[in-house]
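Secondary and tertiary structure notes
Spelled out from the first residue to the last, the chains are:
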Amino acid sequence: MAVILHTENLNKTYRLGGLGRARHIQALDDVNIKVESDQPAIIAVVGESGSGKTTLAKTLLRLVEPSSGQVTVYDRLVAGRGSKPGKREFLGSIQPIFQNPFEAFSRYRPVDAYLEETATRVAGLSGRAVVDALEHALSAVGLDYADVRGKYSNQFSGGELQRISVARALIPEPSLIVADEPVSMIDASRRMIIINLFKRLRDEAGRSFLYITHDLATAYYISDYVAVMNKGQVVEFGRAGEVMSNPQHGYTRLLLDSIPTTRSRWRPRPAAAPAH
Ligand SMILES: Nc1ncnc2c1ncn2[C@@H]1O[C@H](COP(=O)(O)OP(=O)(O)OP(=O)(O)O)[C@@H](O)[C@H]1O
């Protein structure tokens, strides 16, 4: 079985302010998560703002150095003491998708230039193989290269642009895609297209995802595993079905109670008392 993700006693403390006025924020507080499986998996990390989700994502992407602890992804140590993966090899195996696709692509550069750059610089491709990789990745997200070529970010909807971000992430054939709030900036009616795309890429292309979200409802819908974070700690972790149907922690129950259900939304109001 492969160790898809293992964080061991992972800590991150940010230091704010200068000498004498320094303040420390413990963004990750002994985070321990282990997902071991032969099947690719979608691992959701849920929690309110400031709970440490993005910091966790950034340690996997090596954008943030942990204060202590280690991270293993697909049996390879990627962060913490002793981790020294080569840059290209590392970038190829873990790819990010960010929250705002309009910020990921400058409006002064055609979007396919970004895809080409990933194909040449990260995947190490050249010549015809670059075009093949772009065609293949775009078709995996339901887009045609001919419809994307030469166009700029302002010529796409947020949903289309996020699908192009996913295509870019797929080019180096990563084993894990880290998606930090990937649908929060997208029109609500288009969110499920991206969410379902992740499911399809897990099942058909064998990609695993770390899916970071505030939204427990979509986390439940697509995830195999859920980690619930609060104040830098993972307060609950397990198979999605178990966490949702039998939450052990009060904070998880609180998050679950905040999901609007059909029943609570449409429950008829009690009739007003007749006026006397
Ligand atoms: N570069 C930084 N310097 C100092 N403090 C930081 C830095 N990045 C994050 N923090 C702090 O660390 C804590 C965790 O932040 P983080 O962004 O990881 O949370 P989050 O759960 O992703 O929040 P959100 O959902 O709002 O993105 C917060 O208190 C935040 O203010």
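The structure contained in this document is the topic of the report that follows. (Residues numbered from 1 in each chain as written. Predicted model: local features only at pLDDT ≥ 70, side-chain atom pairs only at ≥ 80, totals over all residues.)

**Some remarks on the overall build of the protein chain**
Quick reminder of the rule: Note on conventions: DSSP H or I runs of at least 4 residues are helices, E runs of at least 2 residues are strands, and numbering of each starts at the N terminus. All radius of gyration figures rest on C-alpha atoms, and the globule criterion is 2.2 Å times the number of residues raised to 0.38. Buried means a residue has 20 or more other C-beta atoms within 10 Å of its own C-beta, exposed means 12 or fewer, and partly exposed covers the counts in between; C-beta atoms are placed from the backbone. Contact criterion: two residues are in contact if their C-beta atoms, reconstructed from the backbone, are within 7 Å.
If you tally the helices and strands in the protein chain, you get twelve helices and ten strands. Here the protein chain has a C-alpha radius of gyration of 21 Å; the compact-globule value for 276 residues is 19 Å, and the two agree. Dimensions along the principal axes, computed over C-alpha positions, put the protein chain at roughly 80 × 50 × 45 Å. Here the protein chain holds 276 residues, and 38% of them are scored as buried. Of the contacts made within the protein chain by residues no fewer than 6 positions apart, 65% connect residues no fewer than 24 positions apart.

**Overview of the site of the ligand**
This is how it is decided: Placing the C-beta atom from the backbone, one calls a residue near a molecule or strand if that atom lies within 6 Å of it.
Taken together, Tyr 14, Leu 16, Ile 25, Ala 27, Gly 47, Ser 49, Gly 50, Ser 51, Gly 52, Lys 53, Thr 54 and Thr 55 make up all the residues around the ligand. Those elements that provide at least two residues to the shell around the ligand are β1 (2-16), β2 (23-37) and α1 (53-60). Looking at which element gives the most residues to the shell around the ligand, the answer is α1, with three residues.

**Description of the nonpolar core**
Across soluble globular proteins, you tend to see nonpolar side chains buried next to one another. Counted only if it meets this: A set of buried residues drawn from Ala, Val, Leu, Ile, Met, Phe, Trp, Tyr and Cys, joined through C-beta atoms within 7 Å, is what defines a nonpolar core.
In this structure, Ile 43, Leu 60, Leu 210, Tyr 211 and Val 226 are the most contacted members of the largest nonpolar core, which totals 67 residues. Setting aside residues up to four positions removed in sequence, Ile 43 forms contacts with Leu 5, Val 35, Phe 209, Leu 210, Tyr 211, Ser 223, Asp 224, Tyr 225 and Ala 227.

**With respect to the packing of helix α7 (residues 158-170) against helix α8 (residues 191-205)**
Quick reminder of the rule: The convention used is that axes are lines fitted to C-alpha atoms, helices contributing only their stretch in contact, and that angles between N-to-C directions extend from 0 to 180 degrees. For this classification, under 35 degrees means roughly parallel, over 145 means roughly antiparallel, 65 to 115 means roughly perpendicular, and everything else is oblique. Should the near helix be turned counterclockwise from the far one by less than a right angle, the crossing is left-handed, whereas a clockwise turn marks it as right-handed. Each residue gets one label: Ala, Val, Leu, Ile, Met, Phe, Trp, Tyr, Cys and Pro are nonpolar, Asp, Glu, Lys and Arg are charged, and the others, such as Gly, are polar.
In contact at an axis separation of 9 Å, α7 and α8 are set at 20 degrees when each is read in the N-to-C sense. With respect to their mutual orientation, α7 and α8 come out roughly parallel. In the packing of α7 onto α8, the handedness of the crossing is right-handed. Of the residues in α8, those touching α7 at Gly 159, Gln 162, Arg 163 and Val 166 are Ile 193, Ile 194 and Leu 197. The residue makeup of the contact of α7 with α8, split by class, is four nonpolar, two polar and one charged.

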